[in-house]
Protein chains: 2
Amino acid sequence: MEKIKITIVDDHLLFSQSLSFLIGSFKEFTVIGNYNNGKEFISSFSENTEKPDIVLLDVNMPIMDGHETIKWLKENNPELKVLALSVNDDEDTIMKMITNGAKGYLLKDTHPNTFKEALMEVYNKGFYYSEMVSGFLINKLGNNENKITLKDREVEFIRLACSEKTYREIADGMCLSPKTIDGYRENLFQKLEIKTRIGLVLYAIKHKIVCI
Amino acid sequence: MEKIKITIVDDHLLFSQSLSFLIGSFKEFTVIGNYNNGKEFISSFSENTEKPDIVLLDVNMPIMDGHETIKWLKENNPELKVLALSVNDDEDTIMKMITNGAKGYLLKDTHPNTFKEALMEVYNKGFYYSEMVSGFLINKLGNNENKITLKDREVEFIRLACSEKTYREIADGMCLSPKTIDGYRENLFQKLEIKTRIGLVLYAIKHKIVCI
DNA sequence: CCATACAAGGGGAAATATACCCTTTTTTTA
DNA sequence: TAAAAAAAGGGTATATTTCCCCTTGTATGG
């Protein structure tokens, strides 16, 4: 029987190499590629290399992360089945990957047996949704009214607010009057249901608007 | 030849199980134990199980993390050689593990060959310090005057400051007068070279005093 | 063409945070 | 045991943030 071909894209060498051994121990699968980040992976497409049946894609990577990579794949190789694999269990990240076309989302603390099952399901049924992901999906469909969108200018403001600058300095930095900044802030406070600049900083970090 | 015995303590099942396969491929080593967190690991000591030659210890774990675990080991099984293994490359974390007795600190993006070399060195020489860790050590020895230590009460204050509470509310929460809180804040501002509460929040998150 | 929304800018007042000046009591430590 | 350091509290002044209500120009869709 032909083995199911898998490519791993993950910057943690020790993990990806080890995982290759684990997958190698499953008789149905074989690892045909190992890349350190999205950039390396998509570069391999210019050469006419063998296409994998499943791509195991890490979300947090340097150079080109999972989000960018899956977007590129959606554009250029939409037939590839991507299974996201991350330590990250926050709803935003998961939904972003799923909506960009990931066929499943696995946490790195998954049991090897579940992992194998997920690989089989993605190959056979085309997708694998764990309970956690399904939960998020249902939750999302239930109340998709209050989805929060931030304008570019607002994001810029939030980034500057995550510093020891005063609002006056932020206004200068954005070439706006302090009163306009006042407006931005009050808008955001209402929109994000927060009361203080501290809340804004916490929100920004939690939602990865700024990285510290 | 007797194989060198290794125990893995890591909450990421997929990683620890995969790593077992990788280690299994080295003829000099064998994995004799696999635990999800420090608690599970130290519980195994009450039973008279076989002691490993090297413990591979993850830093970030639920229930009982690497820091707590290595402290316990230092007290109760100081002869055990611990090699810390983490994705975390910030100086604070690394130094904390090293000063608590870790024989080395490896990042999870280490190459398998380096990993094997590290295992050999820890077994034979008793320690393995990568360039990065050595760099931090030298840097630390050069200027160990300005080491910042936070008192328990200060840490408690910082945690509460990382919220939308006002200082008055924080004072109530800590059963102190708002003026005492004032003192705490001013002390910290000077000690941490910051000027605003925002700075305090950023410091706290950067140094993992709070987790969000 | 009008209505509506929205970005930019603003006034003033109240609440909160910051800075710098202290005292008293307890605990450490030399 | 005396000096030093830490913990707790206080007063007052200023700066910053927060809140509420307002105007003007400019798109933008019906």
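Calculation notes
Residues numbered from 1 in each chain as written. Chains lettered and ligands numbered in written order. Predicted model: local features only at pLDDT ≥ 70, side-chain atom pairs only at ≥ 80, totals over all residues. Heavy atoms only, no water. Helix = DSSP H or I, 4+ residues; strand = E, 2+ residues; numbered from the N terminus. Near = heavy atom within 4 Å. Polar contact = N/O pair within 3.5 Å; in protein donor to acceptor, adjacent residues only side chain to side chain. Phe/Tyr/Trp six-rings, centres within 6.5 Å; stacked < 30°, edge-to-face > 60°. Buried < 20%, exposed > 50% of the residue type's maximum accessible area, 1.4 Å probe, protein only. Lys NZ or Arg CZ within 6 Å of the ring centre and 35° of its normal. Contact = heavy atoms within 4.5 Å. Buried area = accessible area lost by both parts, 1.4 Å probe. Salt bridge = Lys/Arg side-chain N within 4 Å of Asp/Glu carboxyl O. Domains from an automatic or database assignment. Nonpolar A, V, L, I, M, F, W, Y, C, P; charged D, E, K, R; others polar.

## A short note on the environment of Thr49 of chain B
Then, in step 1: Position of Thr49 of chain B relative to the elements: it lies in the loop between helix H2 (38-43) and strand E3 (54-58).
Then, in step 2: Sequence spacing of Thr49 of chain B and Gly33 of chain B is 16 residues, and the spatial spacing of their C-alpha atoms is 9.7 Å.

## Re the protein's contact with DNA strand C
Then, in step 1: In the neighbourhood of DNA strand C, 15 residues make up the surrounding shell, with Lys151, Thr180 and Tyr184 of chain A together with Tyr167 and Arg197 of chain B lying closest.
Then, in step 2: For DNA strand C, the backbone portion of the atoms within 4 Å of the protein, that is sugar and phosphate, comes to 57%.
Then, in step 3: Here Ser177 of chain A contributes a side-chain N or O atom positioned 3.0 Å from a phosphate oxygen of DNA strand C.
Then, in step 4: One of the side-chain N or O atoms of Tyr184 of chain A is found 2.3 Å from a phosphate oxygen in DNA strand C.
Then, in step 5: For the surface near DNA strand C, the secondary structure elements donating two or more residues are helix H9 (178-191) of chain A together with helix H9 (178-191) of chain B.
Then, in step 6: Ranked by residue count, the leading element in the surface near DNA strand C is H9 of chain B, at four residues.

## A look at the packing of aromatic side chains
Then, in step 1: This structure, assessed with the given rule, holds 17 aromatic pairs over all chains.
Then, in step 2: Between Phe45 of chain B and Trp72 of chain B the ring centres are 5.7 Å apart and the planes differ by 40°, which places this aromatic pair in the tilted class. Taken together, the residues Phe45 of chain B in the loop between H2 and E3 and Trp72 of chain B in helix H3 (residues 66-76) connect sequence positions 27 residues apart.
Then, in step 3: On the basis of relative accessible area, Trp72 of chain B is assigned to the partly exposed category, the value being 25%.
Then, in step 4: Taken together, the ring pairs in this structure connect Tyr35, Phe41, Phe45 and Trp72 of chain A into an aromatic cluster.
Then, in step 5: Lying across the ring of Phe15 of chain A, Lys108 of chain A places its NZ or CZ 4.3 Å from the centre.

## Quick look at the interface of chain A and chain B
Interfaces are frequently sized by the accessible area removed from exposure as the parts join.
Then, in step 1: Each side of the interface is counted separately: chain A has 34 residues, and chain B has 34 residues.
Then, in step 2: Note on chain A versus chain B: buried area summed over both sides is about 3,000 Å², and carbon and sulfur give 77% of it.
Then, in step 3: Its largest share of buried area at the contact with chain B, chain A owes to Leu14, Glu164 and Ile198 of chain A, together 25% of the area lost on that side.
Then, in step 4: The tally of links between chain A and chain B comes to two salt bridges.
Then, in step 5: Ionic pairing is found between Glu164 of chain A and Lys195 of chain B, a salt bridge with its closest N-O pair at 3.9 Å.
Then, in step 6: The tally of links from chain A across to chain B stands at eight residue pairs in polar contact (both at pLDDT 80 or more).

## Brief notes about the domain arrangement of chain A
Then, in step 1: The domain boundaries assigned to chain A delineate domain 1 (4-142) and domain 2 (152-206).
Then, in step 2: One C-alpha centre belongs to domain 1 of chain A, the other to domain 2 of chain A, and the line joining them spans 36 Å.

## A word on the pattern of salt bridges
Residues and elements named next belong to chain B.
Then, in step 1: Following the criterion strictly, the structure yields 24 salt bridges over all chains and no others.
Then, in step 2: Here Lys108 and Asp10 are joined by a salt bridge, their closest N and O atoms 2.9 Å apart. Taken together, the residues Lys108 in the loop between strand E5 (104-107) and helix H5 (112-124) and Asp10 in the loop between strand E1 (4-9) and helix H1 (13-24) connect sequence positions 98 residues apart. By the burial criterion, Lys108 is buried, and Asp10 matches it.
Then, in step 3: Notably, a salt bridge pairs Glu156 with Arg153, separated by 3.2 Å at the nearest N-O pair. On the criterion of helical spacing, the pair formed by Glu156 and Arg153 is a turn pair, its members being three residues apart in helix H7 (residues 152-161).
Then, in step 4: For Glu156, a relative accessible area of 32% translates into the label partly exposed.

## Here we look at unusual backbone geometry
Then, in step 1: Here the phi dihedral of Ile63 of chain A falls at roughly 65°; this positive angle occurs in a residue that is not glycine.
Then, in step 2: Within the element layout of this structure, Ile63 of chain A appears in the loop between strand E3 (54-58) and helix H3 (66-76).
Then, in step 3: On the basis of relative accessible area, Ile63 of chain A is assigned to the exposed category, the value being 67%.
Then, in step 4: At Glu193 of chain B, a position not held by glycine, the phi torsion is positive, near 55°.
Then, in step 5: Note that Glu193 of chain B resides in the loop between H9 and helix H10 (197-206).
Then, in step 6: Judged by its relative accessible area of 72%, Glu193 of chain B falls in the exposed class.

## With respect to the protein's contact with DNA strand D
Then, in step 1: In the vicinity of DNA strand D there are 15 residues, among which Arg185, Glu186 and Arg197 of chain A together with Thr180 and Tyr184 of chain B approach most closely.
Then, in step 2: Sugar and phosphate atoms form 60% of the subset of DNA strand D atoms that lie within 4 Å of the protein.
Then, in step 3: Taking Tyr167 of chain A, its side chain carries an N or O atom lying 2.9 Å from a phosphate oxygen of DNA strand D.
Then, in step 4: The set of elements that each furnish at least two residues to the surface near DNA strand D consists of H9 of chain A together with H9 of chain B.
Then, in step 5: It is H9 of chain A that provides the largest number of residues to the surface near DNA strand D, a total of four residues.
Then, in step 6: Broken down by class, the residue content of the surface near DNA strand D amounts to four nonpolar, four polar and seven charged.

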